[in-house]
Number of protein chains: 2
Amino acid sequence: MGQPGQIREVRDKIGPTRTSDLRAIINLEQRLVPDLIDALTKRYTILRTVSLLQPVGRRLLAQELGITERRLRAEVDFLREQGLLTVSALGMALTPVGEKLVEELAEYVHEARDLTRRETALAERLRLERVIAVPGDSDTSETVQKDMGRAAAQYLKSILSEGMVLAVSGGTTLASVAAALVPANYHGRITVVPARGGMGEDLDKQAGSIAAKIAAKLNANHRLLHLPDNLGEEAAAVLAQEPEIREVLELVRSASVLLLGIGVAQAMARRRHLRPDQLALLNELGAVGETFGYYFNRRGEIVYVTPSTGLKLENIKRIGHVIAVAGGASKAEAILAVLSYNFPPLTLVTDEGALTGMLKLLEGR
Amino acid sequence: MGQPGQIREVRDKIGPTRTSDLRAIINLEQRLVPDLIDALTKRYTILRTVSLLQPVGRRLLAQELGITERRLRAEVDFLREQGLLTVSALGMALTPVGEKLVEELAEYVHEARDLTRRETALAERLRLERVIAVPGDSDTSETVQKDMGRAAAQYLKSILSEGMVLAVSGGTTLASVAAALVPANYHGRITVVPARGGMGEDLDKQAGSIAAKIAAKLNANHRLLHLPDNLGEEAAAVLAQEPEIREVLELVRSASVLLLGIGVAQAMARRRHLRPDQLALLNELGAVGETFGYYFNRRGEIVYVTPSTGLKLENIKRIGHVIAVAGGASKAEAILAVLSYNFPPLTLVTDEGALTGMLKLLEGR
DNA sequence: CGTTGATGGCTACCTTAACAGTCATATGCT
DNA sequence: AGCATATGACTGTTAAGGTAGCCATCAACG
């Protein structure tokens with residue numbers, strides 16, 4: 001739909017103010033009536049297609065639009081009622097009013113659908129199941145971070161069902177997911193576990209605390225891994241034999257949903273108090289992104305792993321749903337690196353800043 | 001809703017482009033997805049009402065909005081899921097995000113209801129300086145009445161300055177203006193007086209009480225007319241000689257701002273305990289609207305005056321600002337009648353219900 | 001200090017109306 | 001006549017909304 005060339009021209013004439021106003025309005029609308037934009041776009045697409053193909057019959061049009069004829073009929077009836085198109089024996093055609101509407105709507109729809117378009121573009125490039133992006137940039141605005149949290153929380157709830165095991169990693173982003181979760185009651189039929197053992201000082205941002213918080217909100221069970229993160233190998237092996245711990249570890253490795261945050265490698269390494277020589281090594285290896293202890297280079301290859309207990313990347317393959325949440329332009333490179341790894345079906349919840357950054361990086365390649 | 005004074009200011013700063021853009025977009029949307037725009041305004045109304053009443057329970061809110069509790073629940077669930085409001089044991093309240101959204105949406109809804117255009121249309125037809133209308137109908141919702149009070153209070157403050165004398169009439173509407181007034185400090189440099197002597201039993205709705213309340217809120221002076229309203233002519237003449245009373249009377253007659261409510265003639269006459277023969281007379285004379293003792297027929301002619309002490313219509317000509325406040329579809333005819341009289345520059349603060357009613361009546365003529 | 005009434009939230013059940021799928025029919029063009 | 005199209009009617013499914021009864025909480029009051 002929508003000849004981009006034309007739209008660009010129009011926009012340039014009108015100037016940036018109009019576009020930003022438009023965005024602001026679209027934003028408000030999307031919050032209060034999310035399906036408004038969808039419905040509007042759908043009808044716009046119909047009008048637009050008719051305008052190109054007219055006169056056109058319903059069967060053909062339905063086929064063209066990929067919807068059933070019956071459904072199309074309902075839409076067409078409405079549009080005719082509104083005086084935007086007429087039907088004759090030869091098929092449908094737009095009225096002058098309809099033609100004008102299509103023209104005026106072009107910019108709006110383009111603007112409204114821009115995020116969606118880029119979401120799918122990124123999803124295709126990285127072979128992700130789905131990308132959900134909220135407007136704005138977490139780097140510059142805290143509300144965007146919250147917004148992203150809410151989007152992730154909403155998506156999470158949509159795929160959760162009783163009997164599932166949910167593994168979560170740590171970080172501020174996931175903390176905001178937990179905070180944004182609207183309480184629900186799963187009658188203890190869901191179990192939430194941290195993907196790995198404890199780490200760092202800030203309790204609120206640890207995987208364990210986040211697991212506990214999510215469990216509380218959903219009235220679910222939670223189990224914790226009371227283990228230091230940086231164990232030696234033998235010590236880890238010994239501890240893993242403890243029944244209590246083994247049980248949790250098995251739970252973690254059988255998780256059906258994994259919720260993970262993504263960090264910038266250097267920042268994460270520093271937060272983990274790696275030694276200077278380790279930091280240098282990471283740098284040398286080209287590590288840019290990190291998620292629950294695994295460091296990735298630009299090509300999505302694992303270049304370093306912090307010794308830790310809990311979920312291993314091998315176990316991940318069996319997980320049905322992986323949800324990655326991360327945003328902010330500054331994280332674009334890190335997210336890209338991590339997601340270049342060959343994950344199972346993965347949904348990325350991000351923000352416009354990171355989305356734009358990632359697409360730009362991909363273009364540069 | 002949405003503080004018309006502020007809105008107008010903002011709008012002026014941004015210039016006409018934004019408003020017309022907004023109008024254009026809303027127009028398109030209204031053509032293509034009318035029911036979703038309805039949903040949008042409905043949700044806005046809910047948020048707005050919660051914002052005024054919070055914390056508020058569902059039952060009360062449903063009653064206020066005139067919808068069933070069940071229906072409201074669906075909406076509330078959605079709004080909560082969107083992070084716009086929270087529910088607690090005490091009831092619902094807006095989140096900061098929700099508050100911000102309401103603010104940003106005010107202008108949108110104003111445009112969506114086509115209030116701006118209709119405001120100016122009415123102002124032109126009746127030669128008023130300005131018309132300010134809030135969305136909704138006071139007849140069916142109490143919050144609309146409050147909202148109208150807020151709009152009037154805000155406008156009043158915008159034109160008040162030190163040294164002024166403000167005369168007020170009575171009625172529930174003006175009581176809500178007084179209640180909505182945000183306290184300010186005029187250092188006793190403003191004087192508030194009732195437009196007329198006392199009347200009726202309900203103290204809170206009397207001109208005197210309202211004057212006192214407004215004065216208290218603004219830290220202004222007030223003087224009262226301790227006079228029965230229904231005096232004989234001689235008695236009035238005698239009393240008017242009393243220095244104390246004479247002083248106040250002169251103050252009233254030199255008022256620079258007049259705030260008045262408008263009532264339906266029959267209802268007001270009954271509240272004033274006029275005799276049946278007087279009521280019949282009013283009816284015969286075609287009185288439909290009333291303001292501070294003057295009764296007007298449909299053509300804006302004074303057909304009856306209750307004998308009283310205080311401001312006379314002759315004195316009104318010198319007053320710089322007259323603010324009339326009245327709303328509700330049921331008052332449309334009365335307001336129209338009163339405002340057909342040749343007032344000095346007058347600003348009408350009303351609601352959508354009355355505005356719609358008035359325009360319909362004007363069209364019928 | 002317990003009781004009661006008001007307010008607020010939650011769940012379950014059932015009715016109804018909107019929606020979409022299917023088939024049959026009418027119309028007009030070639 | 002044959003094709004493509006619109007149009008209408010019938011129907012099963014589904015989700016929305018109405019109704020009702022329940023419990024929790026809090027404050028007023030005996």
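Because the structure is predicted, anything quoted here is derived from the model rather than measured.

**Topic: the overall build of chain A**
Moving on, step 1. Along the backbone of chain A there are 16 helices and 13 strands.
Moving on, step 2. Each of the three principal axes of chain A carries a C-alpha extent, and together these read 80 × 45 × 30 Å.
Moving on, step 3. The buried share of chain A, taken over its 365 residues, is 53%.
Moving on, step 4. For chain A, the proportion of contacts with a sequence separation of at least 24, taken over those separated by at least 6, is 72%.
Moving on, step 5. Accessible surface, chain A: about 17000 Å² in total, of which carbon and sulfur atoms supply 52%.
Moving on, step 6. If the 45 positive side-chain charges of chain A are averaged to one point and the 44 negative ones to another, these points end up 3 Å apart.

**What to know about the protein's contact with DNA strand C**
Moving on, step 1. The environment of DNA strand C is made up of T68, R70, R71 and A89 of chain A together with G57, R58, R59, L60, R73 and A89 of chain B.
Moving on, step 2. If you look at DNA strand C and keep only atoms within 4 Å of the protein, 47% of those are sugar or phosphate atoms.
Moving on, step 3. One of the backbone N or O atoms of G57 of chain B is found 3.0 Å from a phosphate oxygen in DNA strand C.
Moving on, step 4. R58 of chain B is positioned such that a nitrogen or oxygen atom in its backbone is 2.9 Å from a phosphate oxygen of DNA strand C.
Moving on, step 5. Elements with a contribution of two residues or more to the surface near DNA strand C: α5 (69-81) of chain A together with α4 (58-65) of chain B.
Moving on, step 6. For the surface near DNA strand C, the element with the highest residue contribution is α4 of chain B, accounting for 3 residues.
Moving on, step 7. For the surface near DNA strand C, a count of residues per class yields 3 nonpolar, 2 polar and 5 charged.

**Structural notes on the pattern of salt bridges**
Moving on, step 1. Counted by the stated rule, this structure contains 34 salt bridges over all chains.
Moving on, step 2. Of the charged contacts, one joins D38 of chain A and R113 of chain A as a salt bridge, the two residues approaching to 2.9 Å between their closest N and O atoms. With D38 of chain A in helix α3 (residues 34-53) and R113 of chain A in helix α6 (residues 96-126), the pair connects residues that are 75 residues apart, well separated along the chain.
Moving on, step 3. Since its relative accessible area comes to 43%, D38 of chain A is described here as partly exposed.
Moving on, step 4. A relative accessible area of 25% means that R113 of chain A is categorised as partly exposed.
Moving on, step 5. E69 of chain B is the partner of R73 of chain B in a salt bridge, and the nearest nitrogen-oxygen pair spans 3.5 Å. Taken as a pair, R73 of chain B and E69 of chain B lie in helix α5 (residues 69-81) at a separation of 4 residues, close to a single helical turn.
Moving on, step 6. R73 of chain B gets classed as partly exposed once you look at its relative accessible area, which sits at 31%.
Moving on, step 7. Put simply, D114, R117, R118 and E352 of chain A are held in one network by salt bridges that share partners.

Rules used in this analysis
Residues take numbers from 1 onward in each chain, read along the sequence in its written order. Chains and ligands are labelled by the order in which they are written, letters from A for the one and numbers from 1 for the other. Local features are withheld for residues below a pLDDT of 70 in this predicted model, meaning they are given only at 70 or higher, and side-chain atom pairs are given and counted only at 80 or more; totals for whole chains, interfaces and linings count all residues. Only hydrogens and water are removed before side-chain values are computed, so all heavy atoms of the structure are retained for them. Helix numbering and strand numbering both begin at the N terminus, where a helix is a DSSP run of H or I of at least 4 residues and a strand a DSSP run of E of at least 2. Accessibility here uses a 1.4 Å probe with only protein chains present; expressed as a share of the type maximum, an area under 20% marks a residue as buried, one over 50% as exposed, and anything in between as partly exposed. When checking whether two residues touch, look at their non-hydrogen atoms; a contact exists if any pair is within 4.5 Å. For accessible areas, the Shrake-Rupley method is used with a probe of radius 1.4 Å. Any residue's cover is judged against the shown protein chains and nothing else. We count Lys and Arg on the positive side and Asp and Glu on the negative side, and we leave His and both chain ends out. Where a charge lies is defined by one atom per residue type: Lys uses NZ, Arg uses CZ, Asp uses CG and Glu uses CD. The nearness test applies per residue and asks whether one of its heavy atoms lies within 4 Å of the molecule or strand. Polar contact criterion, stated in full: a pair of N or O atoms within 3.5 Å, where within protein one must be able to donate a hydrogen and the other to accept it, and residues adjacent in sequence count only if both atoms are side-chain atoms. Each residue receives one of three labels: charged for Asp, Glu, Lys and Arg, nonpolar for Ala, Val, Leu, Ile, Met, Phe, Trp, Tyr, Cys and Pro, and polar for the others, Gly being one of them. What counts as a salt bridge is simple: a side-chain nitrogen of Lys or Arg found within 4 Å of a carboxyl oxygen of Asp or Glu.

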